[in-house]
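# Results of the structural survey
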Amino acid sequence: MLKFLGNIEAKADSKGRLFVPALYRKSLEKSGEASLILKADPINKCVQLYPESVWEKMDAEFTANLNLWDRKDLALYRQFTASVEPVELDSNGRVLIAKKHLEMIGVETDALFVGIGNYFEIWNKETFEASLCGLEDFAAAMQSKMGNGTPAL
(Lines give C-alpha, C1' and ligand atoms only; values in the text may rest on other atoms or scores of the structure.)
Protein backbone atom coordinates (compact mmCIF):
# COMPACT_ATOMS: atom_id res chain seq x y z
CA MET A 1 0.00 0.00 0.00
CA LEU A 2 1.35 3.39 -1.02
CA LYS A 3 1.63 6.02 1.69
CA PHE A 4 3.36 9.36 1.34
CA LEU A 5 3.30 11.43 4.51
CA GLY A 6 5.01 14.49 5.91
CA ASN A 7 6.97 17.20 4.17
CA ILE A 8 10.62 17.02 3.26
CA GLU A 9 12.87 19.77 1.91
CA ALA A 10 14.90 19.15 -1.24
CA LYS A 11 17.09 21.06 -3.66
CA ALA A 12 16.78 21.18 -7.43
CA ASP A 13 20.00 21.11 -9.42
CA SER A 14 20.65 23.35 -12.44
CA LYS A 15 18.99 20.78 -14.75
CA GLY A 16 15.78 20.65 -12.69
CA ARG A 17 16.45 17.29 -11.04
CA LEU A 18 15.21 16.68 -7.52
CA PHE A 19 16.04 13.78 -5.22
CA VAL A 20 12.80 12.06 -4.29
CA PRO A 21 12.89 11.63 -0.49
CA ALA A 22 14.12 8.21 0.63
CA LEU A 23 10.84 7.52 2.48
CA TYR A 24 8.88 8.12 -0.71
CA ARG A 25 11.30 6.03 -2.83
CA LYS A 26 10.98 3.14 -0.35
CA SER A 27 7.19 3.28 -0.60
CA LEU A 28 7.41 3.24 -4.40
CA GLU A 29 9.89 0.34 -4.40
CA LYS A 30 7.85 -1.65 -1.88
CA SER A 31 4.78 -1.29 -4.12
CA GLY A 32 6.71 -2.13 -7.29
CA GLU A 33 6.09 1.31 -8.79
CA ALA A 34 8.71 2.50 -11.26
CA SER A 35 6.88 5.26 -13.11
CA LEU A 36 5.32 8.49 -11.92
CA ILE A 37 2.82 10.81 -13.56
CA LEU A 38 3.40 14.53 -13.07
CA LYS A 39 0.39 16.84 -13.16
CA ALA A 40 0.30 20.58 -12.66
CA ASP A 41 -2.17 21.30 -9.86
CA PRO A 42 -5.06 23.35 -11.32
CA ILE A 43 -5.85 24.98 -7.95
CA ASN A 44 -2.58 25.36 -6.05
CA LYS A 45 0.85 26.51 -7.17
CA CYS A 46 2.43 23.05 -7.03
CA VAL A 47 2.90 19.90 -9.09
CA GLN A 48 1.47 16.53 -8.14
CA LEU A 49 3.33 13.24 -8.65
CA TYR A 50 1.22 10.10 -8.82
CA PRO A 51 2.49 6.53 -8.94
CA GLU A 52 1.34 5.21 -12.30
CA SER A 53 -1.16 2.75 -10.80
CA VAL A 54 -2.78 5.51 -8.70
CA TRP A 55 -3.00 7.77 -11.76
CA GLU A 56 -4.54 5.02 -13.88
CA LYS A 57 -7.22 4.39 -11.26
CA MET A 58 -8.00 8.11 -10.92
CA ASP A 59 -8.08 8.55 -14.70
CA ALA A 60 -10.43 5.57 -15.08
CA GLU A 61 -12.78 6.96 -12.41
CA PHE A 62 -12.77 10.35 -14.09
CA THR A 63 -13.41 9.07 -17.61
CA ALA A 64 -16.17 6.75 -16.33
CA ASN A 65 -18.10 9.94 -15.52
CA LEU A 66 -17.54 11.48 -18.95
CA ASN A 67 -18.94 11.04 -22.40
CA LEU A 68 -15.93 11.69 -24.62
CA TRP A 69 -18.29 12.17 -27.58
CA ASP A 70 -19.69 15.23 -25.79
CA ARG A 71 -17.78 18.44 -26.60
CA LYS A 72 -17.85 19.80 -23.06
CA ASP A 73 -16.75 16.50 -21.54
CA LEU A 74 -13.99 16.14 -24.11
CA ALA A 75 -12.81 19.71 -23.46
CA LEU A 76 -12.81 19.02 -19.71
CA TYR A 77 -10.79 15.82 -20.18
CA ARG A 78 -8.41 17.55 -22.57
CA GLN A 79 -7.73 20.29 -20.03
CA PHE A 80 -7.39 17.69 -17.25
CA THR A 81 -4.68 15.81 -19.16
CA ALA A 82 -2.97 18.75 -20.89
CA SER A 83 -0.48 19.32 -18.07
CA VAL A 84 0.27 15.63 -17.50
CA GLU A 85 3.57 13.96 -18.32
CA PRO A 86 5.30 10.75 -17.31
CA VAL A 87 8.48 11.06 -15.27
CA GLU A 88 10.93 8.37 -14.22
CA LEU A 89 13.19 8.05 -11.26
CA ASP A 90 16.79 7.90 -12.45
CA SER A 91 19.30 5.45 -10.98
CA ASN A 92 20.14 8.00 -8.25
CA GLY A 93 16.50 8.42 -7.15
CA ARG A 94 15.96 11.79 -8.84
CA VAL A 95 13.12 13.05 -11.02
CA LEU A 96 13.61 15.60 -13.76
CA ILE A 97 11.01 18.36 -13.54
CA ALA A 98 10.59 20.49 -16.66
CA LYS A 99 11.71 24.10 -16.28
CA LYS A 100 8.19 25.34 -17.14
CA HIS A 101 6.81 23.46 -14.12
CA LEU A 102 9.57 24.66 -11.78
CA GLU A 103 8.97 28.23 -12.92
CA MET A 104 5.19 27.83 -12.51
CA ILE A 105 5.58 26.73 -8.88
CA GLY A 106 8.37 29.20 -8.09
CA VAL A 107 11.16 26.69 -7.44
CA GLU A 108 14.66 27.74 -8.40
CA THR A 109 16.61 25.51 -6.03
CA ASP A 110 14.68 25.03 -2.78
CA ALA A 111 11.66 22.74 -2.99
CA LEU A 112 9.36 20.97 -0.58
CA PHE A 113 7.94 17.48 -1.07
CA VAL A 114 4.55 17.12 0.63
CA GLY A 115 2.96 13.68 1.07
CA ILE A 116 -0.77 13.48 0.38
CA GLY A 117 -1.53 9.82 1.10
CA ASN A 118 -1.23 7.92 -2.16
CA TYR A 119 0.57 10.70 -4.07
CA PHE A 120 2.89 13.60 -3.28
CA GLU A 121 3.35 17.20 -4.32
CA ILE A 122 6.30 19.51 -4.94
CA TRP A 123 5.98 23.08 -3.69
CA ASN A 124 7.97 26.23 -3.15
CA LYS A 125 8.37 26.16 0.65
CA GLU A 126 7.09 29.70 1.26
CA THR A 127 4.08 29.17 -1.02
CA PHE A 128 3.20 25.97 0.83
CA GLU A 129 3.46 27.62 4.25
CA ALA A 130 1.29 30.53 3.06
CA SER A 131 -1.37 28.07 1.84
CA LEU A 132 -1.89 26.59 5.32
CA CYS A 133 -4.66 27.88 7.52
CA GLY A 134 -4.02 29.00 11.08
CA LEU A 135 -4.20 26.57 13.98
CA GLU A 136 -7.64 27.76 15.12
CA ASP A 137 -9.03 27.60 11.58
CA PHE A 138 -7.54 24.12 11.15
CA ALA A 139 -9.07 22.93 14.43
CA ALA A 140 -12.47 24.36 13.46
CA ALA A 141 -12.33 22.78 10.00
CA MET A 142 -11.35 19.39 11.46
CA GLN A 143 -14.12 19.59 14.03
CA SER A 144 -16.62 20.50 11.30
CA LYS A 145 -15.56 17.58 9.09
CA MET A 146 -14.98 14.96 11.77
CA GLY A 147 -17.40 15.98 14.52
CA ASN A 148 -16.84 16.49 18.21
CA GLY A 149 -16.19 12.86 19.08
CA THR A 150 -12.95 11.33 20.16
CA PRO A 151 -10.86 10.09 17.21
CA ALA A 152 -10.89 6.31 16.79
CA LEU A 153 -7.50 4.77 17.41
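Residues numbered from 1 in each chain as written. Predicted model: local features only at pLDDT ≥ 70, side-chain atom pairs only at ≥ 80, totals over all residues. Heavy atoms only, no water.

### Points about helix α2 (residues 52-64)
Rules: Helix and strand definitions follow DSSP, with helices as H or I runs of at least four residues and strands as E runs of at least two, each counted in order from the N terminus. By this rule, a helix spans an expected 1.5 Å times one less than how many residues it contains. Categorising residues by exposure relies on relative accessible area from a 1.4 Å probe, with only protein chains included: less than 20% of the type maximum marks a residue as buried, more than 50% marks it as exposed, and the intermediate range marks it as partly exposed. Along the arc lie the directions from the helix axis toward the C-beta atoms. Contacts are assigned to residue pairs that have any heavy atoms within 4.5 Å of one another.
Over its 13 residues, α2 extends 18 Å from the first C-alpha to the last, a length consistent with the 18 Å expected when each residue adds 1.5 Å. Along α2, the positions that sit buried rather than exposed are V54, W55 and D59. When α2 is viewed along its axis, its buried side chains cluster within an angular range of 130° and face the same direction. Along α2, the residues that are exposed and aim more than 90 degrees away from the buried face are K57 and A64. Summarising the contacts, the buried residues of α2 are in contact with β3 (35-40), β4 (46-51), α3 (71-82) and β5 (84-88).

### Let's talk about the nonpolar core
Put simply, the rule is: Note on terminology: a nonpolar core comprises buried Ala, Val, Leu, Ile, Met, Phe, Trp, Tyr and Cys residues joined through side-chain atoms within 4.5 Å.
In this structure, L18, F113, F120 and I122 are the most contacted members of the largest nonpolar core, which totals 30 residues. Contributions of two or more residues to this core are made by α1 (22-30), β3, β4, α2, α3, α4 (99-105), β7 (110-115) and β8 (120-123). What F120 contacts, discounting residues up to four positions off in sequence, is F4, V20, Y24, L36, V47, Q48, L49, F113, V114 and G115.

### Quick look at the packing of aromatic side chains
To be explicit about the condition: Each aromatic pair joins two rings of Phe, Tyr and Trp (for Trp, the six-membered one) with centres within 6.5 Å, and gets the label stacked for planes under 30 degrees apart, edge-to-face for over 60, and tilted for any other angle.
Applying the stated criterion across every chain yields a total of twelve aromatic pairs. Judged by centre distance (5.3 Å) and plane angle (80°), the rings of F4 and Y24 are edge-to-face. Note that F4 is positioned in the segment before β1 (7-11) and Y24 in helix α1, a separation of 20 residues in sequence. Like Y24, F4 is buried. One aromatic cluster is present, built from ring pairs that chain together Y50, W55, F62, Y77, F80 and Y119.

### Details of α3
What counts is decided by this rule: Counting of polar contacts relies on pairs of N or O atoms within 3.5 Å, with two restrictions inside protein: one atom must be capable of donating a hydrogen and the other of accepting it, and residues adjacent in sequence are counted only when both atoms are side-chain atoms.
The first and last C-alpha atoms of α3 sit 16 Å apart over twelve residues, in line with the 16 Å expected at 1.5 Å per residue. Within the sequence span of α3, burial applies to D73, Y77 and F80. Take α3 and look down its axis: the buried residues cluster within an arc of 60°, on one side only. Among the exposed residues of α3, those pointing more than 90 degrees away from its buried face are R71, K72, R78, Q79 and A82. In this fold, the buried residues of α3 make contact with β3, α2 and β5. You can read the cap of α3 off the contacts: a side-chain oxygen lies 3.1 Å from the backbone nitrogen of K72, and it is on D70.

### Description of the packing of α2 against α3
Between two packed helices, both the angle of their axes relative to each other and the distance between the axes serve to describe the pair. This is how the line gets drawn: Only C-alpha atoms enter the line fits that serve as axes; for helices the fit covers just the stretch in contact. Angles between N-to-C directions range over 0 to 180 degrees. Note on angle classes: values under 35 degrees are labelled roughly parallel, values over 145 roughly antiparallel, values of 65 to 115 roughly perpendicular, and the remainder oblique. Here a crossing is called left-handed whenever its near helix is offset anticlockwise from the far helix by less than a right angle, and right-handed whenever the offset is clockwise. Charged means Asp, Glu, Lys or Arg here, nonpolar means Ala, Val, Leu, Ile, Met, Phe, Trp, Tyr, Cys or Pro, and polar covers whatever is left, Gly included.
At a minimum axis separation of 11 Å, α2 and α3 run at an interaxial angle of 165°. Relative to α3, the element α2 is oriented roughly antiparallel. In this structure, α2 meets α3 at a crossing whose hand is right-handed. Contacts between α2 and α3 involve W55, M58, D59, F62 and T63 from the former and L76, Y77 and F80 from the latter. Broken down by class, the residue content of the contact of α2 with α3 amounts to six nonpolar, one polar and one charged.

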